[in-house]
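Analysis of the macromolecular model
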Amino acid sequence: MAKEIKQFDNGSLRQRAEQQLTQQYPMPSSLEADVKKLLHELQVHQIELEMQNEELLIAQAEAEANLERYAELYDMAPVGYLTLGRDGVIHRINLKAARQLGIFRAQLNQQRFPAFIGADSLPVFNDFLAGVFAGQTVKHCELTLLPGSPSAPLIVHVEAIANGDDQLCHLVLIDITDRKVYEEKLKLADLVYQAIGEAIFVADADNRIVSVNPAFAEFTGYSLQEAIGQSTSLLKSGLQSEEFYRSMWKALETTGHWQGEIWNRRKNGNSYLERLTINTVYDEQHGVRYRVAMFSDITDQKHAEQTIWQQANFDSLTGLPNRHMFYERLAQEIKKSRRMDLPLALLFLDLDHFKDVNDTLGHSKGDLLLKEMGKRLLNCVRSTDTVARLGGDEFTIILPELQERDSIERLAQDILCQLTKPFELAGEIAYVSVSIGITLFPEDTDDIDTLIKNADQAMYAAKDQGRNCRHYFTISMQEAAMAKMRLINDLRVALPESQFWLAYQPVVELSTGLIHKAEALLRWQHPARGLINPAEFIPVAEASGMIIDIGEWVFREASKQALQWRTEYHADFQISINKSPVQFQKAGGGHLAWFDYLEELGLPGQGIVIEITEGLLMDAGAIITGQLLAFRDAGIQVSLDDFGTGYSSLSYLKKFDIDYIKIDQSFTRNLCPNNNDLALCEAIIVMAHKLGIKVIAEGIETQQQYDLLMAAGCDYGQGYLFSKPVPAEEFEKLLVAVPA
């Protein structure tokens, strides 16, 4: 068209027409007027054509510009455009679509769009494309694209329309991957919101509830319809102070966050403890848009925690602080004492003869006594004092911030007075007393462990004083305790280092002067201290349990010695062995191993005599009784030591088939004609003989004692008149000197 317009502009139409008319046809004047008119019309028409031509040029330029803009918009569009044939071949594609497919447009030669579609989406696309060409209407679907380049799959929204010729269709690809991920997150969030076990509600800036989840309704009893539009104070219990809420709102306004525990109330009026977390959602202007609250009912959990804490820190029987809580309280009070520069007293209490209550009335009554004791102690002390039960019948009292020392004495006397009053125990009456040990901080020590040991030592000193009294800690107690500790440590190595040896004291047959018996006595030759008195170390060995191993060694050594002397001097020779009550406490008492050892040696049971005390028979239960009967069955005889000093009973002698009674040296020491001690010795001898029991008198030191006892019919004697305890080598000299 532009070419044609340019040709039309090469000459002037009017001028050419005038020249041709003038040359060929000279015109008359009338005709000339018509020609001029015609020429004028042609001129006007020319102007119109020129104007139309100009408009066409402008339109063409605009069309070309629009076409260029369209091509640019098409190529640079933020969504993908492409044209497909019926076979799915791509005929045209813009840059966005090429990027979505992961290819360059130059690579489009016969590329098929379905090749870029995920397997799960391919059936959807095939149906979609068929529908587009069938209906020639705009259709849409969602597809998963697998780009050619190594990038993640895309989810696209596809819209399409077919051309009028029904051979091509135009597709729009809109990447909705992020939207889909967001929608999935929203679905997941909503799922969590609906299914989470914790209650959630959302409130607006005016603190009106706009949303709740099912757990909210379950916890509170308020349905969705009942909660929406209500103030957040709907759940307020009234159990929290106004200061609590002021602190909460201050945190929310300054930080947008609050977390803590709060008492709220359900629809039915029941209060419950919840763990609550509140977060604030702000708008673009940083104004409050929503407050999201999440909470869970922790009432049962708190009760369980409280129960566990109670059990861990308080005695289940008396309700008093236990050992763990006592240590914490004492540590706290010592810190406070240092800070305030005020002394502190610690009292250690132990019931006297509490075992008798359990044994006679039963453990249930003993428990009642301990509970009542705890109540009485609490009534004696101040509210700032701590009464604790460490276990068994041991109690402690912490007296902090002492303004005057006299208050300790007043309290101790009050406790002694209150606890000597009768205890009524479910129909039974019991009487007990208490021994109290007292120590002071920081006067006696500034160390917590030492303070407790001091109080314990002072308590035992009170028991040694006769019980039912109080005793203050002294440095001498600490020294005695240290000496005892050193003795225990030395005693532990005495046996493995062969520091023990046995001395033998002859047991003489008074009527003949013959020596067929001996008592084995333990001796400890300390490498630094020399010979240690048995009265010093045997109680320590018994208290520590070391007496069991030591007693085992004594039995084996004495048994070997008895076998030797039976072989060399007298076939019926016997050695007596003292057996501690502690050894009997062990089930079996080790006697089965003893029997095996005797059999191994070839020594009959008659070669050994076991010496026991009356106190053992008083506490004789099934274990002790069984051991004594086992000794009898094995032929081992039993001797009752120190007879007459304890609670002597003829029933013991009959029940346990005792072979020997040993009259204590306290009776023989002062023997003289016609005195009470002689009468007692005579009575014991007559009684024993009537029961078929032999009698051994201990502590014979003079000829007069010897003569009186022999005249009374005593069978055997033992004492310094005959010999002190001596080593085996010296004892053999006695056997040689006295003819068999």
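Let me sum up the structure you'll find in this document. (Residues numbered from 1 in each chain as written. Predicted model: local features only at pLDDT ≥ 70, side-chain atom pairs only at ≥ 80, totals over all residues. Heavy atoms only, no water.)

Thoughts on the pairing of strand E23 (residues 637–643)
Worth spelling out the cut-off: Working definition: with a 1.4 Å probe on protein chains only, accessible area under 20% of the residue-type maximum means buried, over 50% means exposed, and in between means partly exposed. Secondary structure elements are defined from DSSP: runs of H or I of at least 4 residues count as helices, runs of E of at least 2 residues count as strands, and each element is numbered from the N terminus. Between any two strands, pairing holds if DSSP finds at least two bridges.
Counted residue by residue, E23 has five buried out of seven residues, so it is predominantly covered. Note that strand E22 (residues 608–613) and E23 share five bridges and pair parallel. Paired with Val609 across the two strands is Gln637, which belongs to E23. Both E23 and strand E24 (residues 660–663) contribute to a ladder of three bridges, which runs parallel. Counterpart to Ser639 in the pairing with E24 is Tyr660.

A few points about the sheet that holds strand E6 (residues 199–204)
Put simply, the rule is: All axes here are fitted lines through C-alpha atoms, helices being fitted over the stretch that makes contact, and every angle between N-to-C directions spans 0 to 180 degrees.
A sheet is described by the order of its strands in space; here five strands give the open sequence E7-E6-E10-E9-E8, paired in antiparallel fashion. Where the open sheet ends on each side, the last strands, each with one partner, are strand E7 (209–212) and strand E8 (257–265). In this sheet, neighbouring strand axes are inclined to one another by 25° on average, regardless of whether the strands run parallel or antiparallel. Sheet analysis places E6 next to strand E10 (residues 288–297), joined by six bridges and oriented antiparallel.

Points about unusual backbone geometry
Of note, the amide linkage connecting Phe441 to Pro442 takes the cis form, showing an omega dihedral of 0°. Structurally, Pro442 can be placed in the loop between strand E16 (433–441) and helix H15 (448–464). Although it is not a glycine, Asn207 adopts a positive phi angle of roughly 60°. Structurally, Asn207 is set in the loop between E6 and E7. Although it is not a glycine, Arg467 adopts a positive phi angle of roughly 70°.

Looking at a nonpolar patch on the surface
Quick reminder of the rule: Think of a patch as exposed residues, more than 30% relative accessible area, with no salt bridge, where like charges cluster within 9 Å and nonpolar side chains (Val, Leu, Ile, Met, Phe, Trp, Tyr) cluster within 5 Å. Computed by Shrake-Rupley with a 1.4 Å probe, the accessible areas treat only the displayed protein chains as cover when residues are assessed. Salt bridge, as used here: a side-chain nitrogen of Lys or Arg that lies within 4 Å of a carboxyl oxygen of Asp or Glu.
Together, Leu188, Leu191 and Val192 give the surface a local cluster of nonpolar side chains, amounting to about 280 Å² of exposed area. Inspection of the secondary structure assignment puts Leu191 in helix H6 (residues 177–195).

What to know about the packing of helix H18 (residues 547–568) against helix H20 (residues 591–601)
Geometry of a packed helix pair, given as the angle between the helix axes and the separation of the axes. What counts here: Put simply, angles under 35 degrees are roughly parallel, angles over 145 are roughly antiparallel, angles from 65 to 115 are roughly perpendicular, and the rest are oblique. For a crossing to be left-handed, the near helix must be turned anticlockwise from the far one by less than a right angle; the clockwise case is right-handed. Between two residues, a contact is recorded if the distance between any of their heavy atoms is within 4.5 Å. Following the grouping adopted for this structure description, the nonpolar residues are Ala, Val, Leu, Ile, Met, Phe, Trp, Tyr, Cys and Pro, the charged ones are Asp, Glu, Lys and Arg, and the polar ones are all others, Gly among them.
Two elements in contact, H18 and H20, have axes separated by 11 Å at closest approach and are oriented at 25°. Judged on the interaxial angle alone, H20 and H18 are roughly parallel. Like other packed secondary-structure pairs, H18 and H20 cross with a definite hand, here right-handed. Where H18 abuts H20, its residues Gly551, Glu552, Phe555, Arg556, Ser559, Lys560 and Leu563 lie against Trp594, Tyr597, Leu598 and Leu601. Residue composition of the contact of H18 with H20, by class: six nonpolar, two polar and three charged.

Remember, this is a structural readout, not a statement about activity or role.
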